[in-house]
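Observations on the model geometry
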Amino acid sequence: MTPQHTPALRLAFLCIGLWLTGCATAPPPLPDSPWLQRSQQLGALDDWSATGKIAVRNGEQSESASLSWEQQQSDTTVQLSGPLGLQATELRSDGHTLAVSQGESVRRFDLSTPDVMAQETGWDLPLAALPHWLKGIPAPTPPPDVLDIADDLLQTLQQAGWRIHYERYQQVGVYFLPTRLTLERGATRAKVIIQHWRAGREP
């Protein structure tokens, strides 16, 4: 029997499924190029935040929310909120455990359980690395199947069964970071629009 959850919690779990591999080392180097230097630079960026919107469709099910993501090394804080009375949801993780808060309700999960997503939501979502994908670089593992680079920026990435298409970038300090990307696998499609980036410690 598939567990029943609120729209905010379902969307939160989708974000969890996309993010769980967290901040690890960069993928194996590509031939020396400006792209290699840029990907290594972004791989070392572990203090950042992003705000924007996320919309997810899984078959007939569709959710959307405002997104606030803060990353400090392996510590992640994600806040989701949306229209039409969507209950605000906060996710906190140290890379090993996860706490999901909605109002006074807090649920905790052990991220070492590989099928925690399917158990809790009924959705078979990958344990991929959204912090890397959001920055415009591949996750550490598995090796990418498709890596399409133009003008030293990642345009299309296929990894772990997911296809990520980057539509727009902007310069943030010394970094070029995505502001619009789409993630697809099977019946699941997620669109992320980032309206504001903070990259590194601001003075």
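Our subject is the structure listed above.
Since the model is a prediction, treat every value here as computed from it, not as a measurement.

Before going further, it helps to spend a moment on the overall build of the protein chain. When helices and strands are counted, the protein chain shows four helices and 11 strands. Across the 203 residues of the protein chain, 46% fall into the buried class. Long-range contacts, defined here as pairs at least 24 residues apart, represent 51% of the contacts in the protein chain between residues at least 6 apart. Summed over its atoms, the accessible surface of the protein chain is roughly 10200 Å², and 48% of this surface lies on carbon and sulfur atoms.

All told, the structure shown has four salt bridges when counted by the stated rule. A salt bridge links E90 to R92, with the shortest nitrogen-to-oxygen separation between them at 3.0 Å. A relative accessible area of 45% places R92 in the partly exposed class. Between R189 and E184 there is a salt bridge, and its shortest N-O distance comes to 3.5 Å. You can call E184 partly exposed: its relative accessible area is 37%.

Bringing the packing of aromatic side chains into the picture now. By convention here, two paired aromatic rings are described through the distance between centres and the angle between planes. On inspection of all chains with the given rule, the structure shows three aromatic pairs. Relative to W197, the ring of W48 has its centre 5.3 Å away and its plane inclined at 50°; by these criteria the two rings are tilted. One end of the pair, W48, is in strand β1 (residues 47-58); the other, W197, is in strand β11 (residues 188-199), with 149 residues separating them in the sequence. The exposure classification of W48 matches that of W197, with both residues buried. Put simply, the rings of W48, W69 and W197 touch in pairs and so form one group of aromatic residues.

All right, on to unusual backbone geometry then. In this structure, the amide linkage connecting T141 to the following residue, P142, adopts the cis form with an omega of -10°. Look at D151: it is not a glycine, yet its phi comes out positive at around 55°. Considering the arrangement of structural elements, one finds D151 in the loop between β7 (146-150) and β8 (153-159). The exposure class assigned to D151 is exposed, which follows from its relative accessible area of 72%. Residues other than glycine seldom take positive phi values, yet A160 does so here, at roughly 55°. Relative to the helices and strands, A160 resides in the loop between β8 and β9 (162-172). Given the relative accessible area of 29%, A160 is considered partly exposed.

Calculation criteria
- Residues numbered from 1 in each chain as written.
- Predicted model: local features only at pLDDT ≥ 70, side-chain atom pairs only at ≥ 80, totals over all residues.
- Heavy atoms only, no water.
- Helix = DSSP H or I, 4+ residues; strand = E, 2+ residues; numbered from the N terminus.
- Buried < 20%, exposed > 50% of the residue type's maximum accessible area, 1.4 Å probe, protein only.
- Contact = heavy atoms within 4.5 Å.
- Areas by Shrake-Rupley, 256 points an atom, 1.4 Å probe, with all protein chains shown as cover.
- Salt bridge = Lys/Arg side-chain N within 4 Å of Asp/Glu carboxyl O.
- Phe/Tyr/Trp six-rings, centres within 6.5 Å; stacked < 30°, edge-to-face > 60°.

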